[in-house]
Amino acid sequence: LLQLFLPLGTLGIVYRQVKYTLADMDMVFRLLETEQEVKDAANAPELQVREGAIRFEAVDFAYQPERPILHSVSFSVPAGKIVAVVGHSGAGKSTLSRLLYRFYDVTGGCILIDGQDIAQVTQASLRKAIGIVPQDTVLFNDTIRYNLLYGNPQASQAELEKAADMAHIRRFIDSLPDGWETVVGERGLKLSGGEKQRVAIARAILKQPPILIFDEATSSLDSATEQAIQQTLHEVAGHHTTLMIAHRLSTVVDADLILVMDGGKVVEQGTHNELLALRGQYQHMWELQARDEEAEMP
Ligand code: ATP
């Protein structure tokens, strides 16, 4: 029996070592996978970003051909504005952000940035123009400095500190015994969902992209963290064209335009006040949320 256990024990160590590197590998595989699915057109030019205006033009999309997800979705995000997307779970909100980053190609219609079809330009130039803060950020098993610099390896210490300040993560970093050299990720210090998201925001700030995609975490953050992230986001978004995928309506009140999605279609659009006046789905969602919040109050 002992003989059986010993190799199993060794296997456990090997397994753990393999697993530890998976956070990095997973990211690499995901990138490789998407490279295979999406190909640059022959002699594709680079995207020329002038002001960073986005246009979805009658976009259809299906992950699998037999199950269409988006149906003729059209909307614009004017340069420098914030457009928020709300809707029930599974409505297709995050799919919009994946298509804009070109993890997948649309099956109908097109997505334009400053009038250029993103399927016709190089992926490298497209992704250089976009900073993405995903729902769940993958951290490298490396120092917090490395994890932030990933946004812009050339950034100076002063730029790094400024980004950390703007993302409200500086005080947290300074409080760590090893500060910027603290190893985070699976093998190091585990960061909370809110801290990870702020690292992703700092990365995006360092990258200084003309376009920002923010996919709000679905997992509930405590309200102080949520507020800090919201504040950061609005400060950062002010300088970029922003597509904000929102899971909480409180996030979107100040957006320049709100899209309400249902069943893969945009069913309403307008500002917060316009949508309330419409007395449609948005207003209904707003009332439900207010009722939930009231019920939660002590
Ligand atoms: P949530 O608010 O829960 O995040 P969402 O509105 O962002 O939802 P999406 O993530 O865009 O919804 O998903 C839309 C639909 O596409 C869902 O029905 C989902 O099951 C499906 N879907 C998402 N990702 C994939 C995938 N990789 N392969 C197949 N189907 C997928």
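Residues numbered from 1 in each chain as written. Predicted model: local features only at pLDDT ≥ 70, side-chain atom pairs only at ≥ 80, totals over all residues.

Basically, it comes down to this: UniProt positions are given in the numbering used here, feature names are shortened, and annotations may be inferred rather than shown by experiment.
Per an unreviewed UniProt entry, the protein is named ABC transporter related protein, and its organism is Thiothrix nivea. Taken verbatim from the UniProt record of the protein, the Subcellular location (unreviewed entry) comment is "Cell membrane".

## Looking at the overall build of the protein
The following threshold applies: In this description a helix means any DSSP run of H or I spanning at least four residues, a strand means any run of E spanning at least two, and both kinds are numbered starting from the N terminus. In this scheme the burial state of a residue depends on its C-beta neighbours within 10 Å: 20 or more other such atoms mean buried, 12 or fewer mean exposed, and anything in between means partly exposed; the C-beta positions come from the backbone. Contacts here follow a simple rule: the backbone-placed C-beta atoms of the two residues must lie within 7 Å.
Helices and strands together make up the secondary structure of the protein, namely 10 helices and 10 strands. Going through the 298 residues of the protein one by one, you find that 33% of them count as buried. Counting only contacts in the protein whose residues sit at least 6 apart along the sequence, the fraction spanning at least 24 positions is 73%.

## Some words on unusual backbone geometry
Unusually for a residue other than glycine, Arg 102 sits at a positive phi of about 60°. As for its position among the elements, Arg 102 is in the loop between helix H2 (93-100) and strand E4 (108-113). Even without being glycine, His 168 reaches a positive phi, approximately 55°. Take His 168: there are 19 C-beta atoms within 10 Å of it, and that puts it in the partly exposed class.

## A few points about the site of the ligand
The cut-off we apply is this: We call a residue near a molecule or strand when its C-beta atom, built from the backbone, sits within 6 Å of it. Each residue is assigned to one class: nonpolar for Ala, Val, Leu, Ile, Met, Phe, Trp, Tyr, Cys and Pro, charged for Asp, Glu, Lys and Arg, and polar for all the others, Gly among them.
With respect to spatial proximity, 12 residues lie near the ligand, and among them Tyr 63, Ser 89, Lys 93, Ser 94 and Thr 95 are the closest. Per-element accounting of the shell around the ligand gives the leading share, 3 residues, to H2. Considered class by class, the residues forming the shell around the ligand number 3 nonpolar, 8 polar and 1 charged.

## A closer look at the sheet that holds strand E5 (residues 116-117)
Strand pairing in a sheet is mediated by backbone hydrogen bonds. Such pairs are either parallel or antiparallel. Formally: Here, a strand pair is defined by DSSP locating no fewer than two bridges between the strands.
Spatially, 4 strands are ordered E2-E1-E4-E5 in an open sheet, and the strand pairing comes out antiparallel. The sheet terminates laterally at strand E2 (67-77) and E5, the two strands that pair on one side only. Here 7 bridges tie strand E1 (residues 54-64) to E2, and the two strands are oriented antiparallel to one another. Residue pairing across strands places Arg 55 opposite Ser 76, the latter belonging to E2.

## Quick word on the sheet that holds strand E3 (residues 82-87)
Here is the rule we go by: Only the stretch in contact is used when fitting a helix axis, every axis being a line fitted to C-alpha atoms; angles between N-to-C directions are given from 0 to 180 degrees.
The 6 strands are arranged E6-E7-E8-E3-E9-E10 in an open sheet whose pairing can be described as mixed. Of all the strands in the sheet, just strand E6 (130-133) and strand E10 (265-270) have a single pairing partner and so form its edges. Strand-to-strand, the axes of this sheet are offset by a mean angle of 20°, without reference to chain direction. Sheet analysis places strand E7 (residues 211-215) next to strand E8 (residues 241-245), joined by 5 bridges and oriented parallel. Paired with Ile 213 across the two strands is Leu 243, which belongs to E8. Sheet strands in contact with H2 are E3, E7, E8 and strand E9 (257-262), and its direction is about 145° off that of E8.

## Digging into the environment of Asn 152
Among the structural elements, Asn 152 can be located in the loop between helix H4 (144-149) and helix H5 (157-166). Sequence spacing of Asn 152 and Gln 289 is 137 residues, and the spatial spacing of their C-alpha atoms is 39 Å.

## Thoughts on the nonpolar core
Filter applied, for reference: By definition, a nonpolar core groups buried Ala, Val, Leu, Ile, Met, Phe, Trp, Tyr and Cys residues that connect through C-beta atoms lying within 7 Å of each other.
Residues Ala 84, Ala 202 and Ile 258 are the most contacted members of the largest nonpolar core, which totals 70 residues. Looking at this core, the element that brings in the most residues is helix H7 (residues 193-207), giving 7 residues. Setting aside residues no more than four positions away along its own chain, Ile 258 makes contact with Ala 84, Val 86, Val 252, Gln 269, Gly 270, Thr 271, His 272, Leu 275 and Tyr 282.

## Points about the packing of H5 against H7
Cut-off, in case you're wondering: Orientation is classified from the angle alone, with under 35 degrees giving roughly parallel, over 145 giving roughly antiparallel, 65 to 115 giving roughly perpendicular, and any other angle giving oblique. We call a crossing left-handed when the near helix sits turned anticlockwise from the far one by less than a right angle, and right-handed when that turn is clockwise.
It is the contact of H5 with H7, at a shortest axis distance of 8 Å, that shows an interaxial angle of 130°. One finds that H5 runs oblique with respect to H7. Every pair of crossing elements has a handedness; the one defined by H5 and H7 is right-handed. In this structure, H5 uses Glu 159, Ala 163, Ala 164 and Met 166 to contact H7, whose residues at the interface are Ala 202, Ile 205 and Leu 206.

## Looking at H2
Within H2, 6 of the 8 residues are buried, which leaves the element mostly enclosed by the surrounding structure. Three or more residues of H2 are buried, namely Lys 93, Thr 95, Leu 96, Ser 97, Leu 99 and Leu 100. Directly beyond the C-terminal end of H2, a positive phi value near 60° is found at Arg 102.

## As for H5
An α-helical turn contains 3.6 residues, so any two residues separated by three or four positions project in the same direction. Test applied: Summarising the geometry, the arc corresponds to the directions from the helix axis toward the C-beta atoms.
Among all positions of H5, only Leu 160, Ala 163 and Ala 164 are buried. Each buried residue of H5 sits inside an arc of 100° when the element is viewed along its axis, so together they form one side. Residues of H5 that are buried make contact with H4, helix H6 (170-175) and H7. In the segment just after H5, His 168 is the residue with positive phi, at about 55°.

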